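# Structural overview for review
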Amino acid sequence: MSNHPAEAYTALQKVLHWAVVALLLAQYLVFEEEMGDAFDATLQTGQPVFNLTSTAHIAIGVLVLVLALVRLGLRAKVGAPEAPADEPLPLRLLAQAVHIGLYAVLILLPLGGLAAYFIPSEIFGEVHEVGTNVLLALAGLHVAGALVHQFWWKDGLIRRMI
Ligand code: HEM
Ligand code: HEM
């Protein structure tokens, strides 16, 4: 990701990183089953169904979208630290690609969900489901990278985000 290099992530960048992780955990762990039920009812009636589950899932999803845009704005303004100099180039490029992918999915996934719910459309529902799996795959790669830094290279990179 093109950097405007900074010494470190700011406190706000760190808080937003972990807040988004917590919001995503809620989306996967709390709402998965019941959101499918609310969506089935939406498809049957042709009207978005608002209950506690669907309203919370939509609100959290829209918040994730807004926070992704805020983070990108902050990144453009205050920058981000450069990748560690001794990180092998292919892995550095992979990490950058994963960051770009994560930001893209954090924006596109809520938009696809909104389209599915408010149009309402089965196809967009399926796109949303695929998107949730793409996000899981990217987050898995990202966390694996963080673990390699922590336990293999033991370079303390994780402290950048704490
Ligand atoms: C970061 C944002 C979001 C995440 C991580 C997320 C995650 C998820 C997950 C894990 C499911 C369950 C998928 C499954 O059945 O396997 C789901 C279902 C669903 N979500 Fe989201 N969601 C997000 C935002 C939104 C938004 C903003 C909406 C707007 C209404 C939305 C609408 C839906 C709908 C309609 C379903 C049911 C889809 C189906 O069963 O085919 N989501 N979401
Ligand atoms: C235990 C889980 C996680 C750990 C330990 C972790 C750790 C980190 C660390 C250390 C960085 C800074 C990397 C660097 O400076 O080169 C970072 C950046 C980032 N993380 Fe995570 N992360 C985790 C989960 C997640 C998840 C689930 C997401 C999904 C949205 C995510 C999205 C990002 C993004 C987009 C960046 C790039 C920030 C930027 O430079 O603008 N992280 N993470």
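Note that this is a predicted model, so its numbers are computed, not measured.

On a plain count of helices and strands, the chain comes out with five helices and zero strands. Ordered by position in the sequence, the α and β elements of the chain form the string α-α-α-α-α. Dimensions along the principal axes, computed over C-alpha positions, put the chain at roughly 55 × 30 × 25 Å. Within the chain, the fraction of its 162 residues that count as buried is 36%. Sequence-distant contacts, at least 24 apart, represent 81% of the contacts inside the chain between residues at least 6 apart. With an accessible surface of roughly 9800 Å², the chain has 70% of that area assigned to carbon and sulfur atoms. Charged side chains in the chain number 8 positive and 13 negative. The centres of these two groups are separated by 21 Å.

Taken together, the protein ligands of the iron atom of ligand 2 are His17 (NE2) and His142 (NE2), with distances of 2.0 Å. His17 sits in the buried class, given a relative accessible area of 13%. Judged by relative accessible area, His142 falls into the partly exposed class, the value being 29%.

Taken together, the neighbourhood of ligand 2 is formed by 20 residues, with Tyr9, His17, Arg75, Tyr103 and His142 sitting nearest. Taking Arg75, its side chain carries an N or O atom lying 2.5 Å from an oxygen atom of ligand 2. Contacts to ligand 2 include Arg160, whose side-chain N or O atom sits 2.8 Å from an oxygen atom. In this structure the site holding ligand 2 corresponds to the largest pocket. Elements that contribute at least two residues to the shell around ligand 2 include exactly α1 (11–29), α3 (52–78), α4 (89–118) and α5 (122–151). Considered class by class, the residues forming the shell around ligand 2 number 14 nonpolar, three polar and three charged.

Every protein donor of the iron atom of ligand 1 is listed here as His57 (NE2) and His128 (NE2), and their distances to the metal cover 2.0 to 2.1 Å. Metal-centred angles of 86 to 179° between the six donor atoms at the iron atom of ligand 1 mark the site as octahedral. Of the two residues, His57 is situated in helix α3 and His128 in helix α5; the sequence distance between them amounts to 71 residues.

Turning our attention to the site of ligand 1. The environment of ligand 1 is made up of 20 residues, and the closest members are His57, Ile58, Gly113, His128 and Glu129. Measuring from a nitrogen atom of ligand 1, one finds a side-chain N or O atom of His57 at 2.8 Å. When atoms are counted within 2 Å of each cavity's grid points, the one that captures over half of ligand 1 is the second largest pocket. For the shell around ligand 1, the elements supplying multiple residues, two or more each, are α1, α2 (32–45), α3, α4 and α5. Broken down by element, the residue count for the shell around ligand 1 peaks at five residues, all from α4. Residue classes in the shell around ligand 1 are distributed as 10 nonpolar, eight polar and two charged.

Cut-offs used in this document
Residues numbered from 1 in each chain as written. Chains lettered and ligands numbered in written order. Predicted model: local features only at pLDDT ≥ 70, side-chain atom pairs only at ≥ 80, totals over all residues. Heavy atoms only, no water. Helix = DSSP H or I, 4+ residues; strand = E, 2+ residues; numbered from the N terminus. Buried < 20%, exposed > 50% of the residue type's maximum accessible area, 1.4 Å probe, protein only. Contact = heavy atoms within 4.5 Å. Areas by Shrake-Rupley, 256 points an atom, 1.4 Å probe, with all protein chains shown as cover. Lys, Arg positive; Asp, Glu negative; His and termini not counted. Charge placed at Lys NZ, Arg CZ, Asp CG, Glu CD. Donors = N, O, S within 2.8 Å, 3.2 Å for Na, K, Ca; no water. Near = heavy atom within 4 Å. Polar contact = N/O pair within 3.5 Å; in protein donor to acceptor, adjacent residues only side chain to side chain. 1 Å grid on protein atoms, 1.4 Å probe; cavity = no way out; pocket = protein on both sides within 12 Å on 5 of 7 lines; lining within 4 Å. Sits in = over half its atoms within 2 Å of the grid points. Nonpolar A, V, L, I, M, F, W, Y, C, P; charged D, E, K, R; others polar. Tetrahedral: all angles 85-135°; square planar, octahedral: opposite > 155°, others 65-115°.

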